[in-house]
Amino acid sequence: MSAVKRSEPTRLSRRQRAEATHWRIVKAAYTLFCEQGYAGTTMAQIAQAAGVAVQTVYFVFHTKAALLGRAYEFAVKGEHEPLIPQQQAWHAAMAAEPEVTQALRHLVTGVGEIMRRVTPLYLVARGEPLAGGQPVNLTKGDGAKQEIVYRYTRLVPPGSAGNAASQGIDLTKPITLA
């Protein structure tokens, strides 16, 4: 009978360990900023939540403001595949979609996911409290809808098939996506 070879656990490289530490700090900062606010969160609390020394947080990010900026970037790009919005799948689907209502559906889905992550951080960074730590409902109110329409008109080039104007749609009037 042959002996079973045991595989040794894969040892992370120094770079991989540094990257994992970086992400732990960013995630901890994002969570604490959303829960406690920017002013109510200390670098020591972030370090403790990330399982690192406070000196590590300062070494990697230097200031709390720089860490807030990285937390915003994390919120916009997402966790699993951190890509800028223009490189995310929903954006490509929107740009390739010939029908404007379907393109808008992709846009609202993609931007909605980003807004779900960014809004709590944005509000607490501005000093606005969240009700029970819950993000504001962006499905209500004309301001959010106007912003989405504005962003759509900026993302889709005027001559493209997915552009609303090329299909005779007036974006200043309500659109039913059903």
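Before any of the text, the structure's been laid out above.
This is a predicted model, so every value here is computed, not measured.

The next subject is the environment of Cys-34. Position of Cys-34 among the secondary structure elements: in helix α1 (residues 14-36). Through-space distance from the C-alpha of Cys-34 to that of Thr-119 is 9.2 Å; in sequence the pair is 85 residues apart.

This part is about the packing of α1 against helix α2 (residues 43-50). As a packed pair, α1 and α2 sit with axes 8 Å apart at the nearest point and diverge in direction by 125°. Classified by the interaxial angle, the pair formed by α1 and α2 is oblique. Seen from above, α1 lies across α2 with right-handed handedness. Where α1 approaches α2, its residues Arg-24, Ile-25, Ala-28, Ala-29, Leu-32, Phe-33 and Gln-36 are matched on the opposing element by Gln-45, Ile-46, Ala-49 and Ala-50.

Turning our eyes to something else, we now look at α1. Look at α1: 32 Å from first C-alpha to last across 23 residues, which is about the 33 Å you get at 1.5 Å a residue. When α1 is considered as a whole, its buried residues turn out to be Thr-21, Trp-23, Ile-25, Val-26, Ala-28, Ala-29, Tyr-30, Leu-32, Phe-33 and Cys-34. Contact partners of the buried residues in α1: α2, α3 (54-61), α4 (64-77) and α6 (100-125). Looking one or two residues beyond α1, the residue adopting positive phi is Gly-37, at roughly 90°.

Time to look at the pattern of salt bridges. Throughout the structure, instances matching the rule amount to 4 salt bridges. Across the pair Lys-77 and Glu-73 runs a salt bridge, and its minimum N-O distance is 3.1 Å. Taken together, the residues Lys-77 and Glu-73, both in helix α4 and 4 residues apart, mark about one turn of the helix. Glu-113 is paired through a salt bridge with Arg-117; the nearest N and O atoms lie 3.4 Å apart. Here Glu-113 and its partner Arg-117 are both found in helix α6, 4 residues apart, which amounts to about one turn of the helix. A cluster of three or more residues bridged by salt bridges with shared partners is formed by Arg-70, Glu-73 and Lys-77.

Core analysis: the biggest nonpolar cluster contains 31 residues, and Ile-25, Tyr-30, Phe-33, Ile-46, Val-57, Leu-67 and Leu-121 have the highest contact counts within it. Within the residue set of this core, elements represented by two or more residues are α1, α2, α3, α4, α5 (89-96) and α6. At 9 residues, α1 tops the list of elements feeding residues into this core. Sequence-distant contacts of Leu-67, defined by excluding residues within four places in its chain, comprise Ile-25, Val-26, Ala-29, Phe-33, Met-43, Ile-46, Val-57 and Phe-61.

Another aspect to go through is the environment of Val-60. You can see Val-60 is positioned in helix α3. Between the C-alpha atoms of Val-60 and Ile-25, which are 35 residues apart in sequence, the distance is 9.2 Å.

Running from N to C, α2 and α3 point in directions that differ by 105°, and their axes come no closer than 8 Å. With respect to each other, α2 and α3 are oriented roughly perpendicular. Facing α2, whose interface residues are Met-43, Ala-44 and Ala-47, α3 presents Val-54, Val-57 and Tyr-58. Residue composition of the contact of α2 with α3, grouped by class: 6 nonpolar, no polar and no charged.

Criteria and cut-off values
- Residues numbered from 1 in each chain as written.
- Predicted model: local features only at pLDDT ≥ 70, side-chain atom pairs only at ≥ 80, totals over all residues.
- Heavy atoms only, no water.
- Helix = DSSP H or I, 4+ residues; strand = E, 2+ residues; numbered from the N terminus.
- Axes fitted to C-alpha atoms, helices over the stretch in contact; angles between N-to-C directions.
- Parallel < 35°, antiparallel > 145°, perpendicular 65-115°, else oblique.
- Left-handed = near helix turned anticlockwise from the far one by under 90°.
- Contact = heavy atoms within 4.5 Å.
- Expected span 1.5 Å × (residues − 1).
- Buried < 20%, exposed > 50% of the residue type's maximum accessible area, 1.4 Å probe, protein only.
- Salt bridge = Lys/Arg side-chain N within 4 Å of Asp/Glu carboxyl O.
- Core = buried A, V, L, I, M, F, W, Y, C linked by side-chain atoms within 4.5 Å.
- Nonpolar A, V, L, I, M, F, W, Y, C, P; charged D, E, K, R; others polar.

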